[in-house]
Amino acid sequence: MSELDAAEAGFPDWHERFGPAVAESAGRRSRQPSSKDGKPIEIGNAAELRRMIFPPIRYVVPGYIAEGCTLLAGRPKLGKSWLMLEVGLAVASGGICLGNTACDQGDVLYLALEDNRRRLQNRIDKVLGAFAEEWPAAMHYATEWPRAGDGGIEAIRDWIIAKENPRLVIVDVLAMFKPVRGSSESLYEADYAAIKGLQTLAGEFGVAIVVVHHTRKSNGADADPFEKVSGTLGLSGAADTTVILDRDGSGATLYGRGRDIEEIEAAVTFDKASCRWSILGEAAEVRRTDERSLILNALKEAAEPMSSGEIADATRMPNANVRQLLVSMMRSGEVAKASRGRYLHPDHNHTPHHNDHKITNGADYLAARDGDEDE
């Protein structure tokens, strides 16, 4: 006996009592859900998804900017606009940026919303240099654009559709493009909505959209670089990728992570003459190299062997960092040990005092060390 037969047997008036509700429920189940714009939402299943083949993620700047929406944040006047202008020109011409990163050619739309034509002309001239024979025609620009809530996203869509090979859209800056916050919206909702429309558009057409934004003043306690982004986490939450351009006492870094790119933290430098950014390498490795150089320079300039504390004072590095690096530098033979807890440059011909230990290089130290600890 079916469940329906059982129900009718127990309740002769089952159809009368429950039929309308069941019919209404079945009707709701049969109706296909639709999105806000009325388009039906497609519901798939895992078995079908497994057999689907998707093209690989396309990079506009290999390793750094992929298709989708990227939020680029940095302190004011740090050079975010110079960076994105350089990237835009490299993509429009099929050239290089960030030192030696080659870009595939495509159409670019650069919304320079804080510039005018005179300033933009001057900036492009500095980036391309006096010897550039032609400026790329695929580099499209506008110094005015409607906000997102006033048709700005639809205007970007029209530009993408009109171009044969759209690759990159740059919105510089977010504050000049995002819609005015509604009275009923929370700060998070407003920030999320400011990026979500661009993120959806980028995914629809497989292009990269980079939104330039500011970071807030750091209090030094930020555990996550994304916490430096001005506003709420709704901005980085809506973007596919967030990249932070920052500078501290160790130099400038480009840090980023996202849904489709591997986490990056590169040391970068800005050349004021060419107004171009260059990648120096992985930030941790570059900083280790720089700190080693500082230690070696301090030892080379010293008339006598130095303790880790004296090296820390001379280099303005934390003593703990100095002590850790000295161990590694001893192992690799980069520094010599003059006595217990005192070091000197390996090129120095230092005659030890009567109470000094024998000077050793790194290899000798590892072979004959007696368990002494740095003072």
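Just so it is clear, the model here is predicted, and its values are computed rather than measured. (Residues numbered from 1 in each chain as written. Predicted model: local features only at pLDDT ≥ 70, side-chain atom pairs only at ≥ 80, totals over all residues. Heavy atoms only, no water.)

Draft legend 1. Region of the structure containing the packing of helix H10 (residues 308-315) against helix H11 (residues 319-331). Running from amino to carboxyl end, H10 crosses H11 at an angle of 120 degrees, the nearest separation of the two axes being 9 Å. Once H10 is placed against H11, the crossing between them reads as right-handed. Contact residues: Ser 308, Gly 309, Ile 311, Ala 312 and Thr 315 in H10; Asn 319, Val 322, Arg 323 and Leu 326 in H11. (Axes fitted to C-alpha atoms, helices over the stretch in contact; angles between N-to-C directions. Helix = DSSP H or I, 4+ residues; strand = E, 2+ residues; numbered from the N terminus. Left-handed = near helix turned anticlockwise from the far one by under 90°. Contact = heavy atoms within 4.5 Å.)

Draft legend 2. Representation of the environment of Gly 256 within the structure. As for its position among the elements, Gly 256 is in strand S11 (residues 251-258). For Gly 256, a relative accessible area of 0% translates into the label buried. The spacing of Gly 256 and Pro 225 is 31 residues in sequence and 8.7 Å in space, taken between C-alpha atoms. Once residues lying within four places of it in the same chain are set aside, the contact partners of Gly 256 are Thr 242, Val 243, Glu 262, Glu 263 and Ile 264. (Buried < 20%, exposed > 50% of the residue type's maximum accessible area, 1.4 Å probe, protein only.)

Draft legend 3. Up close: the sheet that holds strand S7 (residues 139-142). Taken in spatial order, the nine strands line up as S7-S6-S8-S9-S3-S10-S11-S12-S13 in an open sheet, and their pairing is mixed. Where the open sheet ends on each side, the last strands, each with one partner, are S7 and strand S13 (276-282). If you compare each strand with its neighbour and ignore which way they point, the axes differ by 20 degrees on average. As judged from the six bridges shared by strand S6 (residues 107-112) and strand S8 (residues 166-172), these two strands associate in the parallel manner. Its bridge partner being in S8, Val 108 is matched across the sheet by Leu 168. Across the face of the sheet, helix H4 (residues 80-93) comes into contact with strand S3 (68-74), S6, S7, S8, strand S9 (208-214), strand S10 (241-248), S11, strand S12 (264-271) and S13 while running at roughly 165 degrees to S8. (Pairing = 2+ DSSP bridges.)

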